[in-house]
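# Structural overview
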Amino acid sequence: MKPGDIKFTDWGRWLYGDVPAEFYTELVIRAAFIYIFLMVAMRLLGKRMSSQLSRNEMAALVTLAAAIGIPLQTPERGLLPAIIIGIIVVYVGKWIAYRASVNQDFEKFSQGNLDVMVKDSVMELGNMKRARITRERLVAELRSSGIKHLGQVKRLYMEANGTFTIIKQDPIKPGLVVLPLFDHEYIAQLNKPHDITVCKSCGFARPKSVNDNQNCPNCNKNQWTDAVQ
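Overview of the structure. (Residues numbered from 1 in each chain as written. Predicted model: local features only at pLDDT ≥ 70, side-chain atom pairs only at ≥ 80, totals over all residues. Heavy atoms only, no water.)

This paragraph deals with unusual backbone geometry. Of the consecutive residues Asp-170 and Pro-171, the connecting peptide bond is found in the cis state with omega at 5°. Along the chain, Pro-171 turns up in the loop between strand 4 (164-168) and helix 8 (184-189). Notably, Asp-120 is not glycine yet its phi reads approximately 50°, a positive angle. When you line up the elements, Asp-120 lands in the loop between strand 1 (115-119) and strand 2 (122-123). Phi angles above zero are rare outside glycine, and Asn-220 is one such case at about 65°. By secondary structure assignment, the location of Asn-220 is in the loop between strand 6 (205-207) and strand 7 (224-226). Asn-220 sits in the exposed class, given a relative accessible area of 54%. (Helix = DSSP H or I, 4+ residues; strand = E, 2+ residues; numbered from the N terminus. Buried < 20%, exposed > 50% of the residue type's maximum accessible area, 1.4 Å probe, protein only.)

Sheet architecture is open: three strands sit in the order 6-5-7, paired in antiparallel fashion. Across the chains shown, the open sheet's two edge strands, defined by having one partner strand only, are strand 6 and strand 7. Strand-to-strand twist in this sheet, taken as the mean axis angle between neighbours without regard to direction, amounts to 40°. (Pairing = 2+ DSSP bridges. Axes fitted to C-alpha atoms, helices over the stretch in contact; angles between N-to-C directions.)

It is worth spelling out helix 4 (residues 80-102) at this point. With 23 residues, helix 4 extends 34 Å between its outermost C-alpha atoms, agreeing within 8% with the 33 Å of an ideal straight helix rising 1.5 Å per residue. Turning to helix 4, its buried residues number three or more, namely Ala-82, Gly-86, Val-89, Val-90, Ile-96 and Ala-100. (Expected span 1.5 Å × (residues − 1).)

Sheets are built from strands that pair by backbone hydrogen bonding, the pairs being arranged parallel or antiparallel. Taken together, four strands build an open sheet; the order of strands is 2-1-3-4 and the sheet is antiparallel. Bordering the open sheet on either side are strand 2 and strand 4, each of which pairs with just one other strand. Bridging between strand 3 (residues 153-158) and strand 4 involves five bridges; their strand directions are antiparallel. Its bridge partner lying in strand 4, Val-153 is registered against Lys-168. Relative to strand 4, helix 7 (residues 135-144) is tilted by about 60°, and along the sheet it contacts strand 1, strand 2, strand 3 and strand 4. (Contact = heavy atoms within 4.5 Å.)

With that out of the way, let us pick up the side chain of Asn-127. Residue position: Asn-127 is located in helix 6 (residues 125-130). Within the structure, Asn-127 has its side chain in polar contact with the backbone oxygen of Val-116 (distance 2.9 Å). For Asn-127, the residues in contact, after removing those within four places along its chain, are Val-116 and Met-117. (Polar contact = N/O pair within 3.5 Å; in protein donor to acceptor, adjacent residues only side chain to side chain.)

Two numbers describe how helix 2 (residues 22-45) lies on helix 4: the axes approach to 9 Å, and their chain directions differ by 10°. It follows from the interaxial angle that helix 2 and helix 4 lie roughly parallel. As for how helix 2 packs across helix 4, the hand of that crossing is right-handed. Contacts between helix 2 and helix 4 pair Phe-33, Phe-37, Ala-41, Leu-44 and Leu-45 from the former with Ala-82, Ile-83, Gly-86, Ile-87, Val-89, Val-90, Gly-93 and Lys-94 from the latter. Along the lines of polarity and charge, the residues of the contact of helix 2 with helix 4 split into 10 nonpolar, two polar and one charged. (Parallel < 35°, antiparallel > 145°, perpendicular 65-115°, else oblique. Left-handed = near helix turned anticlockwise from the far one by under 90°. Nonpolar A, V, L, I, M, F, W, Y, C, P; charged D, E, K, R; others polar.)

Spelled out as structure tokens, the structure:
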């Protein structure tokens, strides 16, 4: 289309584009064909495509989406290139899934591995940094599971697919509060043991009798606050 052909008030071009009316009949057939093809492709890729996606399944989904976009919107492009791309995506996805099922090292390489974000009520700051998980994101995940403080958490795993799994502490011990600090009224209702203090940075707990100037042995910070229980 030449620059002179573009007019702001050309509402027909805005709505219908620069294609013949017959293309819209063809578009219905193309869309139905692509829909059925995608259903078959996702069925062949496995049940995980309908659940939480791994990085490989996400890559397959994005590739399929990119492949089908052009033949749906461009009349001069045929369906065959999208079909070929889809077949390759399905084949590669199934091959990766098979290799991951028989080779643990390949599974870790292709699918990723889980990380421990909280261990025995203490944040693993090094693992959080490697996984690019901020403290705010972590405490938000804990609050969404009804956790008020780190003393309730035995383990917090970040799974390979990016989800979080919480193993609760039993029995519960004093820990660092994860409630929003502006919610003073609710925090004030929590029990605060008189003999335990925790690191504000990672949640490491220690007796109050320890010198306040001593750095945290877990994160080397020197900011302490009362534990809650």
